[in-house]
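Descriptive structure summary
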Amino acid sequence: MRELVFALDYEPGRNTLADVLADHPDARVRSLSLHATAESLWRVDHATGSSEALPAIEDAVLTADYYADCLAANPCGAESETQVLDRTDDTLVLYTYWQRTQVCESIPHLALEHLGDGLLFETQHEQRRHTWRIIHPEGAAIHGFFDALHAELPSEIDVEMLSLTGLSPPTTTRFNVDDMLTNKQREALTAAVEHGYYKTPRETNLGELAEKLDMPRSTLTYRVRRAEAQIIKQLTTNETAMDMTRSS
């Protein structure tokens, strides 16, 4: 597998979300999950920022004439749905589903056409720059993908190739979830998975799940958040070790 990283830079007025983020340099939007088929695309995004930035981001996403991932210059008639899955003082989690029409095109769909199946996508949007990271098979048609991308994008949108590298196999020891969580944390996380808390869209929330488990919501929330924090910390530690290995 190989990793392709590139960025789109938007001029003012070319992308509503980019305009909002440019007005709020403290904010950013990153993908938690992004999937595409030949006919549709769905994603979950995590936005962070100030109390002024988040409402502006929400408004930009919820009131857009057409879904931002579509590369069409004008509204293309695609059916789309966007929902707020979670909201706190400084974070916003958004779910979006988009169904293509004959005139619709997007970066994930161009990637499927030129880079093949089994792709992994990750995006990050800060100010006027939208960075894409795609994990793709060896031998993918990179030049064909970029030719198609340039053909779809208006000339005012710049594309910068950031890196194209091979992925090294992990050199660190795989961690065991059972070793890092308490029994109560593991039970809470297992229940959350089994009842659809981590599905997109969610099938339950922590309040409903706490009622099913007959425990205070605050207790369940604490155990789930602590378990998530432990797992993310370990994943981050492993990725940092891998990055150091690659750069050495």
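Please refer to the structure higher up on the page.
What comes next is a walk through the structure. Small disclaimer: the values here were computed from a predicted structure and weren't measured. Residue indices follow the written sequence of each chain, beginning from 1 at its first position. With pLDDT at 70 or above as the cut-off, local features in this predicted model cover only qualifying residues; side-chain atom pairs require 80 or more to be listed or tallied, and sums for whole chains, interfaces and linings still use all residues. Excluding hydrogens and water, the side-chain values take into account all heavy atoms of the structure.

Regarding the packing of helix α3 (residues 107-115) against helix α4 (residues 142-152)
- Where α3 meets α4, the axes come as close as 9 Å, and the angle between the chain directions of the two elements is 145°. Note on packing geometry: the crossing formed by α3 with α4 is right-handed. The residues of α4 that touch α3, namely those facing Ile107, Leu110, Ala111, His114 and Leu115, are Ile142, Gly144, Phe145, Ala148, Leu149 and Glu152.
- Tallied by class, the residues present in the contact of α3 with α4 amount to eight nonpolar, two polar and one charged. Angles shown run from 0 to 180 degrees and are taken between the N-to-C directions of axes, each axis being a line fitted to C-alpha atoms and, for helices, limited to the stretch in contact. Each helix corresponds to a stretch of at least 4 residues labelled H or I by DSSP, and each strand to a stretch of at least 2 residues labelled E; elements are numbered beginning at the N terminus. A clockwise turn of the near helix away from the far one marks a right-handed crossing, whereas an anticlockwise turn of less than a right angle marks a left-handed crossing. Two residues form a contact once any of their heavy atoms are found within 4.5 Å. Here the term charged refers only to Asp, Glu, Lys and Arg, the term nonpolar to Ala, Val, Leu, Ile, Met, Phe, Trp, Tyr, Cys and Pro, and the term polar to all other amino acids, Gly among them.

Some words on the nonpolar core
- Phe6, Leu8, Ile107, Leu115, Ile134, Phe145 and Leu149 are the most contacted members of the largest nonpolar core, which totals 28 residues.
- Looking at this core, the elements that each hand over two or more residues are β1 (2-9), β2 (28-36), α3, β7 (129-136) and α4.
- Broken down by element, this core gets its largest block of residues, five residues, from α4.
- Non-local contacts of Ile107, meaning those with residues more than four positions away in its chain, are made with Phe6, Leu8, Asp69, Leu71, Trp132, Phe145 and Leu149.
- Put simply, a nonpolar core is a bunch of buried Ala, Val, Leu, Ile, Met, Phe, Trp, Tyr and Cys residues held in one set by side-chain atoms that sit within 4.5 Å of each other. The classification of residues rests on relative accessible area computed with a 1.4 Å probe and restricted to protein chains. Under 20% of the type maximum is buried, over 50% is exposed, and intermediate values are partly exposed. By size, the runner-up hydrophobic cluster in this structure holds 14 residues, among which are Leu189, Leu206, Leu209 and Ala210.

What about the packing of helix α1 (residues 16-23) against helix α2 (residues 53-62)?
- Interhelical geometry of α1 versus α2 gives an angle of 170° and a closest axis separation of 9 Å. Here α2 runs roughly antiparallel to α1, going by the angle between their axes. On α2, the residues that touch Thr16, Leu17, Val20 and Leu21 of α1 are Ala56, Ile57 and Ala60.
- Broken down by class, the residue content of the contact of α1 with α2 amounts to six nonpolar, one polar and no charged. Any angle that falls under 35 degrees is termed roughly parallel, while one over 145 is termed roughly antiparallel, one within 65 to 115 roughly perpendicular, and all others oblique.

As far as function goes, none of this settles anything; it's purely spatial.
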